[in-house]
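Okay, here's what each chain looks like letter by letter:
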Amino acid sequence: MKTYELKINGGVHKAEVEEDTPMLWVLRDALGLMGTKFGCGVGQCGACTIHLNGQAVRSCTLPVESVGNAEVTTIEGLAEEGELTPLQAAWCEHDVAQCGYCQAGQIMSAAALLKAHPHPEDSQIDEAMAGNFCRCATYARIREAIHTAAA
Ligand code: FES
């Protein structure tokens, strides 16, 4: 076991965990940040997506020892001062979520996309979101919400 001081959502959080613990479990089990979801555990479904220095990454395959001083953002840290981001507001406007399980990961991937491409084409959306699976097939609404947020 080792104690890590992690920069998460604008604060510093201490976690005492094994060095190879995936960030998904550091967030959920050690820190109680339950918004990041476990889907497959092998980097294939996108449910566990977080940001590392603004880039979308799969937290289920990201060992805590590799995070270092990087800024981690989870779905809990996306809204600023209690205000939904335009992306989150668009998600609500389009009623994107159905069962909702994958949606935190979807939004984190979409947020990273909009940071890199503020006005993405459909092809850029499809490429950026291809690794985020939704068993309710909300893909059309996800695309609409991203376009609304980008407008
Ligand atoms: Fe991490 Fe599926 S739980 S990609």
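Fair warning: this is a prediction, and the values are worked out from it, not measured in the lab.

Procedures and definitions
- Residues numbered from 1 in each chain as written.
- Predicted model: local features only at pLDDT ≥ 70, side-chain atom pairs only at ≥ 80, totals over all residues.
- Axes fitted to C-alpha atoms, helices over the stretch in contact; angles between N-to-C directions.
- Helix = DSSP H or I, 4+ residues; strand = E, 2+ residues; numbered from the N terminus.
- Parallel < 35°, antiparallel > 145°, perpendicular 65-115°, else oblique.
- Left-handed = near helix turned anticlockwise from the far one by under 90°.
- Contact = placed C-beta atoms within 7 Å.
- Nonpolar A, V, L, I, M, F, W, Y, C, P; charged D, E, K, R; others polar.
- Pairing = 2+ DSSP bridges.
- Core = buried A, V, L, I, M, F, W, Y, C linked by C-beta atoms within 7 Å.
- Buried ≥ 20, exposed ≤ 12 C-beta atoms within 10 Å, placed from the backbone.
- Domains from an automatic or database assignment.

1. A word on the packing of helix α3 (residues 103-116) against helix α5 (residues 139-150)
Here α3 crosses α5 at 40°, and the two axes come no closer than 11 Å. Considered as vectors, α3 and α5 are oriented oblique to each other. The chirality of how α3 crosses α5 is right-handed. Residue-level contacts link Gln106, Ala110, Leu113 and Leu114 of α3 to Ile142, Ile146, Ala149 and Ala150 of α5. For the contact of α3 with α5, the residue count by class is seven nonpolar, one polar and no charged.

2. Structural notes on the sheet that holds strand β5 (residues 71-73)
The pairing of strands in a sheet comes from backbone hydrogen bonds and takes either a parallel or an antiparallel form. Here five strands make up an open sheet; going across it, the order is β2-β1-β5-β3-β4 and the pairing mixed. Each of the sheet's edge strands pairs with one partner strand only, and the pair in question is β2 (11-17) and β4 (55-58). Averaged over neighbouring strand pairs, the angle between their axes works out to 45° when direction is ignored. Examined bridge by bridge, strand β3 (residues 49-52) and β4 share four bridges and lie antiparallel to one another. The residue bridging Leu52 from the neighbouring strand is Gln55, located in β4. Against the sheet, α3 contacts β3 and β4, and its axis sits at roughly 35° relative to β3.

3. What about the nonpolar core?
Met23, Ile107 and Met108 are the most contacted members of the largest nonpolar core, which has 41 residues in total. Listed by contribution, the elements that provide at least two residues to this core are β1 (2-8), β2, α1 (23-30), β4, α2 (86-93), α3, α4 (122-129) and α5. When residues in this core are grouped by element, the largest group, seven residues, is from α3. Of the residues that make up this core, three or more belong to each of domain 1 (2-77) and domain 2 (86-150). Apart from the residues within four sequence positions on either side, Met23 is in contact with Ile50, Ser59, Leu62, Val64 and Val67.

4. Remarks on the domain arrangement of the protein chain
Splitting the protein chain by domain gives domain 1 (2-77) and domain 2 (86-150). Distance between the C-alpha centres of domain 1 and domain 2: 21 Å. Taken together, the contact pairs 15 residues of domain 1 with twelve residues of domain 2. Within the residue set of the side of domain 1 that touches domain 2, elements represented by two or more residues are β3 and β4. Among the elements that make up the side of domain 1 that touches domain 2, the one with the highest residue count is β3 (three residues).

5. A closer look at the environment of Leu114
Turning to its location among the elements, Leu114 is positioned in helix α3. Residues Leu114 and Lys7, 107 residues apart in the sequence, show an inter-C-alpha distance of 22 Å. Beyond its immediate sequence surroundings of up to four residues, Leu114 is in contact with Leu87, Ile146, Ala149 and Ala150.

6. What about the pairing of β1?
With seven bridges joining them, β1 and β2 adopt antiparallel strand pairing. By the bridge assignment, Thr3 is partnered in β2 with Glu16. Once β1 ends, the chain turns through two residues before running back antiparallel as β2, passing Asn9 with a positive phi of about 50°.

7. Thoughts on unusual backbone geometry
Of note, Asn53 is a non-glycine position whose phi angle comes to about 50°, a positive value. Its location among the elements puts Asn53 in the loop between β3 and β4. Take Asn53: there are 12 C-beta atoms within 10 Å of it, and that puts it in the exposed class. At Glu81, a residue that is not glycine, the phi angle is positive and equals roughly 50°. Of note, Glu81 is situated in the loop between β5 and α2. C-beta crowding within 10 Å serves as the criterion here: with 4 such atoms nearby, Glu81 is assigned to the exposed category.

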